[in-house]
Amino acid sequence: MSSTELPGAEAAAAALAPTVSAVRVAEGERLRSVALPGLTLNVRSRPAERAGLPPALFVHGLGGSSQNWSALMPFLADVVDSDAVDLPGFGDSPPPDDGDYSITGHARAVIRLLDAGERGPVHLFGNSLGGAVATRVAAVRPDLVRTLTLISPALPEWRVQRPAVPTGLLAVPGVAALFARLTKGWTAEQRTRGVMALCYGDPDRVSEEAFRHAVAEMERRLELPYFWDAMTRSARGIVDAYTLGGQHGLWRQAERVLAPTQLVYGGRDQLVSYRMARRASAAFRDARLLTLPDAGHVAMMEYPETIAQAFRELLDDCGGS
């Protein structure tokens, strides 16, 4: 049991959790459950190759999980000690007791995880929704973040790309339930192919083995009674964050980030516009930009070696730690 777990909390969570298929664990990875008051988080770890390396934390996007980082973490095992978290309601983490799926709610969960484990400051990575969450964490708790790596971060856009509109519509009351009814007959394979067509620059790059694992994970997620609720509320959280102004606005918070920042944008990203790279580079005060013309929305899954090399260069710029 983790030192951050409360006595009896794990058993109580297990009693309430639905019976679903087991989460896949890649070779070299370990899973642990961290119980906090009102919140239980699943954490996927890939230990560093040697003791004493700095910690890193990876935060996935909407509809994703800690498995989204399994391709990248092995390439970083010689420089960081890696943890990837399942945000509340995603992966193998149950919904939060308070039902808060806002950007702030997810950021609070990440902060509580870091505070409880005393792992900060960390090298913080975020993709899409996780990029917005990581930006907020870095802005409000600079003591927890050594460096920030954002891959297609979900920062507000005035002109949203057309393929991203259905995701935004999930935030509208009733739309998720309607979509669930309309797609009731879709197989997990059909759903997975649709997600890959939307998120990958070139879905043909996905190996047969990776596709089978993705289909299995899709089947597992659809067994969860709270799957659509977590998706809907988190999508609503993104929309709300896009419309929030003042000091709590995400662009204003990006300007407050002190940590050296690596930005990654894909030229074939259908969800976060490639044109946002220039604005992000200007907003983050200590930013480096990597653009990948052939990448989609999940560059860490498509080009993990390239992302790892960019992070190594960021480390070199920061003195190697």
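In this report, we go over the structure that sits alongside the text.

Procedures and definitions
- Residues numbered from 1 in each chain as written.
- Predicted model: local features only at pLDDT ≥ 70, side-chain atom pairs only at ≥ 80, totals over all residues.
- Heavy atoms only, no water.
- Axes fitted to C-alpha atoms, helices over the stretch in contact; angles between N-to-C directions.
- Helix = DSSP H or I, 4+ residues; strand = E, 2+ residues; numbered from the N terminus.
- Left-handed = near helix turned anticlockwise from the far one by under 90°.
- Contact = heavy atoms within 4.5 Å.
- Salt bridge = Lys/Arg side-chain N within 4 Å of Asp/Glu carboxyl O.
- Buried < 20%, exposed > 50% of the residue type's maximum accessible area, 1.4 Å probe, protein only.
- Pairing = 2+ DSSP bridges.

Packing of helix α2 (residues 103–117) against helix α3 (residues 129–140) leaves a shortest axis separation of 9 Å and a crossing angle of 65°. Crossing of α2 over α3 shows right-handed handedness. The segment α2 lies against α3, with I103, T104, H106, A107, V110 and I111 engaging L129, A132, V133, R136, V137 and V140.

All right, on to the pattern of salt bridges then. Close approach of charged atoms allows side chains of opposite charge to pair. The final tally for this structure, using the stated rule, is 16 salt bridges. D78 serves as the salt-bridge partner of R312, at 2.7 Å between the closest nitrogen and oxygen. In this pair, R312 sits in helix α12 (residues 304–317) while D78 sits in the loop between β3 (55–59) and β4 (81–85), placing the two residues 234 residues apart along the sequence. The class for R312 is partly exposed, based on a relative accessible area of 23%. With a shortest N-O distance of 3.0 Å, D317 and R288 are connected by a salt bridge. Remark: R288 occurs in strand β8 (residues 287–292) and D317 occurs in helix α12; sequence separation between them is 29 residues. Residue classification places D317 among the exposed residues on the basis of a relative accessible area of 53%. Because the salt bridges share partners, they merge into one network encompassing R32, D81, D83 and R119.

Moving on to unusual backbone geometry. A positive phi angle is found at E118, which is not glycine, with a value near 50°. Of note, E118 is situated in the loop between α2 and β5 (122–127). Residue E118 is classed as exposed on the basis of its relative accessible area, which comes to 71%. Its identity as a non-glycine residue notwithstanding, S152 has a phi of 45°, on the positive side. With respect to the helices, strands and loops of the structure, S152 is situated in the loop between β6 (145–151) and α4 (165–169).

Within β3, five of the five residues are buried, which leaves it mostly tucked inside the rest of the structure. Covered by surrounding structure in β3 are P55, L57 and V59 together with A56 and F58, the residues of both alternating faces. Relative to β4, β3 runs parallel, the two being bridged by five bridges. Among the inter-strand pairings, L57 is bridged to a residue of β4, identified as D83.

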